[in-house]
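What follows is each chain in one-letter form.
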Amino acid sequence: MISAEKIPNNVNLSSNKRLQRALEHWQPKYIQWWRDMGPQGFQDYHQVYVRTAISVDPEGWAHFEYVKLPEYRWGIFLADPVHDRRIGFGDFLGQPVWQEVPGEFRNQLRRLIVTQGDTEPASVEQQRLLGQRCPSLYDLRNLFQVNVEEGRHLWAMVYLLHSYFGRDGRDEAEELLERQSGNRDKPRILEAFNEPIDNWLDFFMFTMFTDRDGKSQLMSLSESSLDPLSRTTRFMLTEEAHHMFVGETGIARILERTCQLMKQAGFSGDVRKLGGIDMPTIQKHLNLWFSLSLDLHGSEVSSNAATYFANGLKGRAKEDTFDEHVVKDSYYRMEFFEDGKPVTKEILMRNAMNEVLRDWYVGDCAAGVVRWNRILEQHGLSERLRLPDRKFHRGIGMYSGFHFDPNGVPLTSEQWEQRKHEWLPSTADAEYLLSIMAEPIYEPGKFANYIAPPRRGINQLPIDFQYIRTEQ
Ligand code: BYC
């Protein structure tokens, strides 16, 4: 059902005039932000074939149409309520979930929602120049699909801030449009969201690894006792799946092409001479985005995480698959690094909740890497991609400030400085990637030399469909 209102929604917005007015007041500021900070060069003259959520049922969710990006209908959608839903973990286990924010948890909840909300516009800002270097029209359309949905995820968090946090919430909603990715004075909150993404290898790694942090964080927030937060994030997860598909298949297609070029180059030859992306470069970008995304799970030992769990604000991914949900007397065996040596200690499980979620995340990433390696295997190559050790290149938590190689072997600062570009992208790598992406490909059905075409098109359309057209 398409809502006739300015803001498509399934939250009965028209019945709450105050909220409706507040959101309608925020909307033009959002559109201005989208024009200034969204996809550069694709604001006025292009129509993009995108999926727009107009309701939460499968049909309304997968509604495809051509739209001009600033006219995308960013709506507010909550997954259907669960009858008699009860708090699933922590000190209030078994009590009815909350439909309003309890005063004593207001600050903690606001902080979680603002942190989540901040990542959404940040990612759009990070990716705003990619359209000028796209490998195909198909990929360009996928980029914009991801971008508009990140915009919708911002709307989802702003709806919660406006609805449940009064004046503070309105102020926070304004600030979400004021911080800027990479800005020295007003950066985005979490570090990975201040890194530039100006080439498509980074974009695919980001959607594979950083959007997967989105998945793990949204899964844990969807367990929340605050029911509107749970329902909002549950619906966001359905969109998140497509973003990870874009990342995983993007890298899979690069690997496919690299394998073909390696065969042409005679295996020991340099695929860069043929305009491809060599395996070491792919591994370096994997190392970068995996380690940045590990940081997004917070410190290994965290009293914040313990408090969130105790108060029922943020649970574990798939909380109902655990045997015990109060988790007061159990311990997590954690490896510390003391005087250059690993030491195992028992930490109260509640304090280790960031690490528990990170474990889930690492497992989910590892499964994706296995799928990538099958491509290399099918081509008869002996090379394999791998996840670096968790201690590698960490900026948050107990390993930050120390140096480790991808096997987890400690290094001195001098060794790290000498060798870091064996494991992380160098300026020369960045220049090479930009050189092969210098010419965008806008011709339907054509693909850049470094990437294979996808198996199929969008919404059962052919691969050479005109996914983006200039306005007639
Ligand atoms: N960068 O106890 P700690 C997504 C701060 S992605 C900078 O370790 P906590 C998406 C922390 O704020 C998912 N600072 O952390 C993906 C604290 O500061 P204060 C986003 C960091 O609170 C792709 C201090 O360090 N969702 O959706 O347990 C595209 C120590 O705190 C970082 C969420 O993040 C960092 N990486 O956990 C688009 C969910 N990490 O208090 C979208 C909501 C920590 O000393 N957020 N700090 O000033 C949370 O659940 C938690 O805030 C975190 C941090 C898990 C992020």
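Up top you'll find the structure we're talking about.
Computed from a predicted model, the values in this text were never measured in an experiment.

A. Seen up close, the sheet that holds strand S1 (residues 46–52). Spatially, the three strands line up as an open sheet ordered S2-S1-S7, and their pairing is antiparallel. Pairing within the sheet leaves two strands with one partner each, and these edge strands are strand S2 (63–67) and strand S7 (468–470). Taking the axes of each pair of neighbouring strands and ignoring which way they run, one obtains an average angle of 25° across the sheet. Across five bridges, S1 lies against S2 in antiparallel orientation. Paired with Val50 across the strands is Glu65, a residue of S2. Against the sheet, helix H4 (residues 137–164) touches S1, S2 and S7, its axis set at about 60° to S1.

B. Fine view of the site of the ligand. Lining the immediate surroundings of the ligand are 29 residues, of which Gln116, Ser299, Ser302, Lys314 and Asn354 lie closest. Interatomic distance of 2.9 Å between a side-chain N/O atom of Arg111 and an oxygen atom of the ligand. A distance of 2.6 Å separates an oxygen atom of the ligand from a polar side-chain atom of Ser302. Coverage of the ligand by the protein amounts to 81% of the 1100 Å² it exposes when considered alone. Sorting the residues of the shell around the ligand by element identifies helix H3 (106–126), helix H6 (200–221) and helix H9 (303–310) as the ones contributing at least two each. Considering each element in turn, the shell around the ligand owes the most residues, seven residues, to H3. Here the shell around the ligand is composed, by residue class, of eight nonpolar, 13 polar and eight charged.

C. Summary view of the layout of surface pockets. As a volume, the largest pocket reaches approximately 830 Å³. Taken together, 40 residues make up the lining of the largest pocket; nearest its centre are Thr115, Leu190, Gln217, Leu296 and Lys314. When residues of the lining of the largest pocket are traced back to their parent elements, those giving at least two are H3, H6, helix H8 (279–295), H9 and helix H10 (353–378). Taken together, the residues of the lining of the largest pocket sort by class into 16 nonpolar, 15 polar and nine charged. Along the walls of the second largest pocket sit 26 residues, with Phe245, Thr249, Pro454, Arg455 and Arg456 positioned nearest its centre. Of all the secondary structure elements, the ones that give two or more residues to the lining of the second largest pocket are H4, helix H7 (227–265) and H10. Across the lining of the second largest pocket, the residue classes tally to ten nonpolar, seven polar and nine charged.

D. A look at helix H5 (residues 166–176). The set of residues buried in H5 consists of Gly169, Glu172, Ala173 and Leu176. One side of H5 carries all its buried residues, which in axial view fall inside an arc of 105°. The inward-facing, buried residues of H5 abut helix H1 (17–37), H3 and H4.

E. How the structure looks around the nonpolar core. Ranked by size, the top nonpolar core spans 115 residues in total, and within it Phe209 and Trp372 carry the most contacts. Per element, the largest residue contribution to this core is 15 residues, and it comes from H4. Setting aside its immediate chain neighbours within four residues, Trp372 contacts Met205, Met208, Phe209, Gly247, Glu248, Ile251, Ala252, Leu255, Leu286 and Leu385. Core analysis: the next-biggest nonpolar cluster, separate from the first, contains twelve residues, Ala305, Tyr332, Met334 and Met349 among them.

F. The packing of aromatic side chains, seen in detail. A complete count under the given rule lists 36 aromatic pairs for this structure. Considering the side-chain rings of Phe89 and Phe309, the 4.9 Å spacing of their centres and the 40° angle between planes classify their relative orientation as tilted. Remark: Phe309 occurs in helix H9 and Phe89 occurs in the loop between S2 and H3; sequence separation between them is 220 residues. Of the two residues, Phe89 and Phe309, neither departs from the other in class, the shared state being buried. Judged by centre distance (6.2 Å) and plane angle (75°), the rings of Tyr138 and Tyr467 are edge-to-face. With Tyr138 in helix H4 and Tyr467 in the loop between helix H12 (427–436) and S7, this pair connects stretches of sequence that are 329 residues apart. Across the pair, Tyr467 and Tyr138 agree in class, each one buried.

G. Molecular detail of unusual backbone geometry. You will see that His393, though not glycine, has its phi angle at about 55°, which is positive. Counting through the fold element by element, His393 comes out in the loop between H10 and strand S5 (403–404). Classification of His393 by relative accessible area gives partly exposed; the value is 25%. The phi angle at Asn459 is positive, at roughly 50°, despite the residue not being glycine. Tracing the chain through its elements places Asn459 in the loop between H12 and S7. Look at Asn459 and you get partly exposed, because its relative accessible area is 39%.

The rules we used
- Residues numbered from 1 in each chain as written.
- Predicted model: local features only at pLDDT ≥ 70, side-chain atom pairs only at ≥ 80, totals over all residues.
- Heavy atoms only, no water.
- Pairing = 2+ DSSP bridges.
- Helix = DSSP H or I, 4+ residues; strand = E, 2+ residues; numbered from the N terminus.
- Axes fitted to C-alpha atoms, helices over the stretch in contact; angles between N-to-C directions.
- Contact = heavy atoms within 4.5 Å.
- Near = heavy atom within 4 Å.
- Polar contact = N/O pair within 3.5 Å; in protein donor to acceptor, adjacent residues only side chain to side chain.
- Areas by Shrake-Rupley, 256 points an atom, 1.4 Å probe, with all protein chains shown as cover.
- Nonpolar A, V, L, I, M, F, W, Y, C, P; charged D, E, K, R; others polar.
- 1 Å grid on protein atoms, 1.4 Å probe; cavity = no way out; pocket = protein on both sides within 12 Å on 5 of 7 lines; lining within 4 Å.
- Points joined across faces, edges and corners; volume = space filled by probe spheres on them.
- Buried < 20%, exposed > 50% of the residue type's maximum accessible area, 1.4 Å probe, protein only.
- Arc of directions from axis to C-beta.
- Core = buried A, V, L, I, M, F, W, Y, C linked by side-chain atoms within 4.5 Å.
- Phe/Tyr/Trp six-rings, centres within 6.5 Å; stacked < 30°, edge-to-face > 60°.

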